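Reading the structure
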Amino acid sequence: MRLPYFPLHVVVFPHLPLPIHVFEERYRLMTHDVVADGSPFAGRFVVSMLTEGSEVEETGAPQPRAERIGTIVEVRNAERFADGRWALLVVGEARAIASEIDHSGPYATARVEVLQDGPGDAERATQLLPRVQAALDAYLQTVKQFVASAASLGSDSPEITTVAASLDEVLKPIRLPDDPLAASYAVAGVLQIELTRKQQLLELPDAATRLGAELDLLRREVRLLSDGAMPPVATADLRYHPN
């Protein structure tokens with residue numbers, strides 16, 4: 001199938017939401033076509049992580065490059081403003097390979113092949129769940145303590161101030177789903193790590209493999225925070241993602 005193609009500086013995971021502020025003309029047109037009654041796209045487009053170039057079209061600039069493996073998202077809510085901008089809430093539907101990118105139209109489209117998902121080693125995935133839950137609890141508590149401590153030192157960093165003010169909402173305890181696949185994506189969405197590492201988690205073939213990698217990452221991040229390293233928490237993660 002062919003869907004509109006939207007490269008962004010973000011990694012979207014199946015089952016998880018992403019708010020997007022659409023202001024660029026080509027993506028306004030894309031959104032209109034995606035959410036229109038009877039749209040052949042049925043409210044969906046594919047998002048891939050940018051690896052080179054800008055989200056915003058620049059005159060004379062080469063076409064942006066993005067990862068081949070991205071996520072099909074479905075628009076769950078679309079609000080159009082008087083000036084033509086859109087506020088979207090999309091939810092990841094499935095991992096997919098995007099190829100044969102066509103830039104000839106008003107917005108890019110891609111040939112999209114859905115990647116199959118599953119638990120992998122089901123027994124291992126089930127055994128990993130309580131260990132990942134414990135590691136996630138420790139990670140969230142450590143991040144909360146770290147940022148609160150940084151804020152209490154009187155740091156004038158806008159980023160720290162913003163994150164500290166949002167701690168109670170963003171870092172409240174999370175109970176993982178019993179389904180290993182859904183749990184693996186939930187953890188991937190919560191982890192505040194580099195986008196390249198998030199992309200690696202997206203590309204892993206199954207829940208058991210992903211949960212194992214996340215267990216290592218959660219423990220690694222707790223060690224780093226305990227040693228005083230600043231977590232890569234971006235304020236962009238706390239608001240609408242702009243195109």
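Each remark here, short or long, concerns the structure printed above.
Residues numbered from 1 in each chain as written. Predicted model: local features only at pLDDT ≥ 70, side-chain atom pairs only at ≥ 80, totals over all residues. Heavy atoms only, no water.

The next subject is the nonpolar core. Counting 37 residues, the largest nonpolar core has Val132, Tyr139, Leu191 and Leu218 as its most contacted members. Considering every element that reaches this core, the biggest residue donor is helix H2 (residues 122-152), with 11 residues. With residues near it in sequence (within four places) discarded, Leu191 still touches Tyr139, Lys198, Leu201, Glu214, Leu217, Leu218 and Glu221. Grouped together as the second largest cluster of nonpolar side chains are 28 residues, Leu8, Ile20, Phe41 and Ala96 included. (Core = buried A, V, L, I, M, F, W, Y, C linked by side-chain atoms within 4.5 Å. Buried < 20%, exposed > 50% of the residue type's maximum accessible area, 1.4 Å probe, protein only. Helix = DSSP H or I, 4+ residues; strand = E, 2+ residues; numbered from the N terminus. Contact = heavy atoms within 4.5 Å.)

Before going further, it helps to spend a moment on the environment of Ala183. In this fold, Ala183 is placed in helix H5 (residues 180-190). Considering only alpha carbons, one finds Ala183 and Arg210, 27 residues apart in sequence, at a separation of 9.7 Å. Every residue in contact with Ala183, bar those within four places of it in the chain, is listed here: Leu129, Leu176, Pro177 and Leu211.

A few words on a positive patch on the surface. Taken together, Arg124, Arg131, Arg219 and Arg223 make up a surface patch of like positive charges. Looking at the secondary structure, you find Arg131 in helix H2. (Patch = residues over 30% accessible without salt bridge, like charges linked within 9 Å, V, L, I, M, F, W, Y side chains within 5 Å. Areas by Shrake-Rupley, 256 points an atom, 1.4 Å probe, with all protein chains shown as cover. Salt bridge = Lys/Arg side-chain N within 4 Å of Asp/Glu carboxyl O. Lys, Arg positive; Asp, Glu negative; His and termini not counted. Charge placed at Lys NZ, Arg CZ, Asp CG, Glu CD.)

Our next topic: the side chain of Arg44. Counting through the fold element by element, Arg44 comes out in strand E3 (residues 44-52). On the basis of relative accessible area, Arg44 is assigned to the buried category, the value being 19%. Polar contacts involving the side chain of Arg44 include one to the side chain of Glu93, which spans 3.3 Å. (Polar contact = N/O pair within 3.5 Å; in protein donor to acceptor, adjacent residues only side chain to side chain.)

Before going further, it helps to examine the packing of aromatic side chains. Per the stated rule, a full pass over the model turns up 3 aromatic pairs. Both rings, one in Phe6 and one in Tyr27, keep their centres 4.0 Å apart while their planes meet at 20°; by these two values the pair is stacked. Taken together, the positions of Phe6 in strand E1 (residues 2-8) and Tyr27 in helix H1 (residues 25-35) put the pair 21 residues apart, joining distant regions of the chain. Judged by relative accessible area, Tyr27 falls into the buried class, the value being 3%. (Phe/Tyr/Trp six-rings, centres within 6.5 Å; stacked < 30°, edge-to-face > 60°.)

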